[in-house]
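In case you want the letters, here they are:
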Amino acid sequence: MSKKQKNKQQLYTDEYFEKGHWLLKIRQTLMSLIGWLAVIIPIVITVTSFWASFNPKIPHIWSYPEGILEIKFIGVILLFAFVMSGIFSISMTIIQNRKRQRLVQQWPTFNPINQKKRENTIDTFIDKRFGNKEFRENVRTYNVQPEQNLDTDEIHKLYDEHHINDLD
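Note that the structure is predicted; figures quoted are calculated from it, not measured. (Residues numbered from 1 in each chain as written. Predicted model: local features only at pLDDT ≥ 70, side-chain atom pairs only at ≥ 80, totals over all residues. Heavy atoms only, no water.)

Our focus in this paragraph is the overall build of the protein chain. Counting its regular elements, the protein chain contains six helices and zero strands. Put simply, the protein chain runs from its N terminus to its C terminus through helices and strands in the order α-α-α-α-α-α. Expressed as a percentage of the 168 residues in the protein chain, the buried residues total 12%. For the protein chain, the share of sequence-separated contacts (at least 6 apart) that also reach a separation of at least 24 residues comes to 30%. (Helix = DSSP H or I, 4+ residues; strand = E, 2+ residues; numbered from the N terminus. Buried < 20%, exposed > 50% of the residue type's maximum accessible area, 1.4 Å probe, protein only. Contact = heavy atoms within 4.5 Å.)

See the structure below:
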C-alpha cells in the first residue's frame, strides 16, 4: 500500500457492502423488494383497470366509472403540463440561441489592435515613471514621490496623444 493510500480517510461506511452482515443484507433486500412492489402493483392495477374500460377481455380488479373519469382527468392535466413544459423549453431555447448569436458572435467591443498598442504604451509609461518591471516586482518597499502620482485623467491623455483611445 502506498503512502497516499494510507493517508486517505474513509468518509463513509456501508455495512451492506462489507463482508458478513447476512441478516442485514437479507432484511434490507426484502424491504427494498416490498417497497418496489408497493409502487409497481398499484400502477399495474390502475393501468389494467383503465385498459379494461376500452377492452373488456383484459382482466381487471375494479371498474368504477368515477375512477376511470379521474384517471382521464389526471391524464388531461399531465398532458397539459407536458405541453406547457415543452412550449416553455422550446421558447427559452430559441430566445437563448438568438441572444447568444447577438452578443457572443459580435465583433469585439474594443479594437484589438489598439488594445495591444495601449498595453505597450502603458508599459512604457509605467517603466519611465516607476522603474522597469523587474525592479518593481522584486523591490520589497517602494515610496512614491509626489511628482510620480498619476493625475485623474493622465492615462486617458496618454492614449489621446498616441491616438489609441477607443473611449471617445
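Still to come is the rest of the account.
Our focus in this paragraph is the confidence of the model for the protein chain. Fine structural detail should not be taken from predicted coordinates in areas where pLDDT scores are low. In the predicted model, the protein chain carries a mean pLDDT of 87, and 89% of its residues have values of at least 70. Looking over the protein chain, one finds the lowest element-wise mean pLDDT in helix H1 (residues 3-7), namely 61, and the highest in helix H2 (residues 22-52), namely 94. (pLDDT = per-residue confidence, 0-100.)

Mapped onto the fold, glutamate 154 is located in helix H6 (residues 154-161). Looking at glutamate 154, the relative accessible area reads 17%, which means it is buried. Among the polar contacts made by the side chain of glutamate 154, one reaches the side chain of arginine 129 at a distance of 2.4 Å. Leave out the neighbours within four places in its chain, and glutamate 154 touches Phe125, Arg129 and Asn149. (Polar contact = N/O pair within 3.5 Å; in protein donor to acceptor, adjacent residues only side chain to side chain.)

A few words on the pattern of salt bridges. Evaluated as defined, the whole model comprises four salt bridges. With its nearest N and O atoms 2.4 Å apart, the salt bridge here joins glutamate 154 to arginine 129. With a gap of 25 residues between them, glutamate 154 in helix H6 and arginine 129 in helix H4 (residues 112-130) connect regions that are remote in the sequence. Judged by relative accessible area, which is 19%, arginine 129 ranks as buried. Close ionic contact of aspartate 153 with lysine 157 constitutes a salt bridge, the shortest N to O distance being 3.7 Å. (Salt bridge = Lys/Arg side-chain N within 4 Å of Asp/Glu carboxyl O.)

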